[in-house]
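Coordinate inspection notes
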Amino acid sequence: MDIFMRVIFWLNLVGTAVFGICYFYQLVYTIIAICVKKKPHKGEATLHSYAVLVSARNEETVIGQLIDNIRAQNYPQELIKIFVVADNCTDGTAEVARERGATVYERHNTEEIGKGYAINFLLSNIDRDYGENAFDAFFVFDADNISELNFISEMNKTFSDGYDVVAGFRNAKNYGDNWLSAGQGLWFIRDSTILNDARMKIGTCSVVAGTGFMFSNKIKKEYGGWPFHMLTEDTEFTACSAARGYRFGYCPDAAFYDEQTTGFVQSWNQRIRWAKGGIQVFCGYLKKLFSGMKNGNFLSCFDLLMSIAPAYIMSVFFMVVNIVALAVTAFSPSHFLSMIASAGSSIVAVYLLLLLHAALTVGKEWKRIKAGTGWKMLSIFLFPIYMFTYVPIAFCAFFAKAQWKPIRHTKAVNIDDMHKDSAAATEKPEEAARH
């Protein structure tokens, strides 16, 4: 039994060391994001023409607010055209979008399911009806999104600096709903304000996360549309583009908001898909990313490789090793208690590390997070618990037959009302106790 315990100890130690080596660079990114000033724009921005792409499936409740929000942008409206793909809809999504002035294409395909197929269908129709050079670039939004009214003008400034792809600052529409929406929202905020911010400052490839980004017409033509159909088509697009050396930028002043899931089952299924998709991209693009690392794009490709799947893999490794150890030592009280103490100390250490990440993120973006003071503070302590739920999700993702499923969105608000609600909650921090 003593030999077995030593083996478990060394497995945990080596695994922790590997994890630390793989993700030490993110600590450096955190320091850069907090301490280094953002890059100024190179010069006067050129006005570009944009197509706004919205993939919507049964989104009649929220899509009107998105279209109205785009129409209210402080960017020349004659340079913006909104396109919606009503993807296998059974409600009034198409009608609502048309009434708001969007150009709508209806898609009925129950074999090729997923956002990647819908976006490719939309681009094909735009090329056919408007020509392949009708727009300089394309924005991608989900139907539940809304953005600050300077979103397109700020993104245009960064695009004018010569980037092929630009990601905006992703914020949560319903951060204050419960611990799931706060946890998921905080994760996306951290991706933007810590990781993408640091990437932008040191000139490596930023990462797009499904929505709130733009890509150039040049990329569309070189890819021949949108040939990304894995479970996480956004990650696939980023991996493929990073390996090719495209320039991905980040615009911290272009803030948009999306609705986070609030039900545990829905959140579980969504994150199973994300984890499974990450594993798919890791396996499918491992060779290409290694090639990119050797061809002068080392840090971008290494960063993306680490962001995709190793954390899932190592989490499963730690879970399996320690569950086996607990099972083996169950009939030896002294060894079992030793394993409990060891696992407990590891959990506490990880909790404190995640707590630090949450505190730094919330502190950096305190004014932009739409929730009351008390709830912002409480969400810092809840974030590690949210992240711990990823461990069984990562395990299940290896065996689950995950598939794309629509997420129901119900929070239909305009940008002014959201700011008013946030201001009211901040003025009454005691409201946070009700959560």
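Because the structure is predicted, anything quoted here is derived from the model rather than measured. (Residues numbered from 1 in each chain as written. Predicted model: local features only at pLDDT ≥ 70, side-chain atom pairs only at ≥ 80, totals over all residues. Heavy atoms only, no water.)

A closer look at the packing of aromatic side chains
Spelled out, the test is: Stacked, edge-to-face and tilted labels apply to pairs of Phe, Tyr and Trp rings (six-membered ring for Trp) whose centres lie within 6.5 Å, assigned for plane angles under 30 degrees, over 60, and everything in between, in that order. Here a helix means four or more residues in a row that DSSP labels H or I, a strand means two or more in a row labelled E, and each is numbered from the N terminus. Whether a charge sits over a ring depends on NZ of Lys or CZ of Arg being within 6 Å of the ring centre and within 35 degrees of the ring normal.
Counted by the stated rule, this structure contains 32 aromatic pairs. For the ring pair Y25 and Y29, a centre distance of 5.1 Å and an interplane angle of 90° mean the geometry is edge-to-face. Here the residue Y25 and the residue Y29 both occupy positions in helix 1 (residues 2-35), the gap between them amounting to 4 residues, near one helical turn. Joined through ring pairs, the aromatic side chains of F83, Y130, F135, F138, F213, F215, Y223, W226, F228, F237, Y246 and F248 make up one cluster. Lying across the ring of F188, R170 places its NZ or CZ 3.7 Å from the centre. The ring centre of F169 lies 3.8 Å from the NZ or CZ of R368, which sits over that ring.

Some remarks on the side chain of D87
Going by this rule: Per-residue accessibility, obtained with a 1.4 Å probe over protein chains only, is compared with the maximum for each type, and a residue is labelled buried under 20%, exposed over 50%, and partly exposed between these values. The contact definition used throughout considers only heavy atoms, calling two residues in contact when any of these lie within 4.5 Å.
Inspection of the secondary structure assignment puts D87 in strand 2 (residues 80-87). By relative accessible area, D87 is classed as buried at 2%. In contact with D87, not counting residues within four places along its chain, are A56, R57, R107, G114 and A118.

Section: unusual backbone geometry
Although it is not a glycine, N58 sits at a positive phi angle of roughly 55°. The phi angle at N88 is positive, at roughly 55°, despite the residue not being glycine. Considering the arrangement of structural elements, one finds N88 in the loop between strand 2 and helix 3 (93-99).

Considerations on the packing of helix 9 (residues 264-294) against helix 14 (residues 390-397)
What counts here: Helix axes use the C-alpha atoms of the stretch in contact, all axes being lines fitted to C-alpha atoms, and the angles between their N-to-C directions lie in the range 0 to 180 degrees. Oblique is the label for any angle not covered by the other classes, which are roughly parallel (under 35 degrees), roughly antiparallel (over 145) and roughly perpendicular (65 to 115). Left-handed describes a crossing whose near helix is turned anticlockwise from the far helix through less than a right angle; right-handed describes the clockwise counterpart. In this classification, Asp, Glu, Lys and Arg are treated as charged, Ala, Val, Leu, Ile, Met, Phe, Trp, Tyr, Cys and Pro as nonpolar, and every other residue, Gly included, as polar.
It is the contact of helix 9 with helix 14, at a shortest axis distance of 9 Å, that shows an interaxial angle of 55°. When the interaxial angle is binned, helix 9 and helix 14 end up oblique. Taken as a pair, helix 9 and helix 14 cross one another with a handedness that is right-handed. Residues W268, R271, I272, W274, A275, K276 and I279 of helix 9 lie in contact with helix 14, whose contacting residues are Y390, P392, I393, C396 and A397. In terms of residue class, the contact of helix 9 with helix 14 is made up of 10 nonpolar, no polar and 2 charged.

Some points on the packing of helix 11 (residues 310-328) against helix 12 (residues 333-364)
At their nearest, the axes of helix 11 and helix 12 sit 9 Å apart, and the two run at 155° to each other. One way to sum up the angle between helix 11 and helix 12 is to call them roughly antiparallel. Handedness of the helix 11/helix 12 crossing: left-handed. On helix 12, the residues touching N322, A325 and L326 of helix 11 are F336, M339 and I340. Residue classes in the contact of helix 11 with helix 12 are distributed as 5 nonpolar, 1 polar and no charged.

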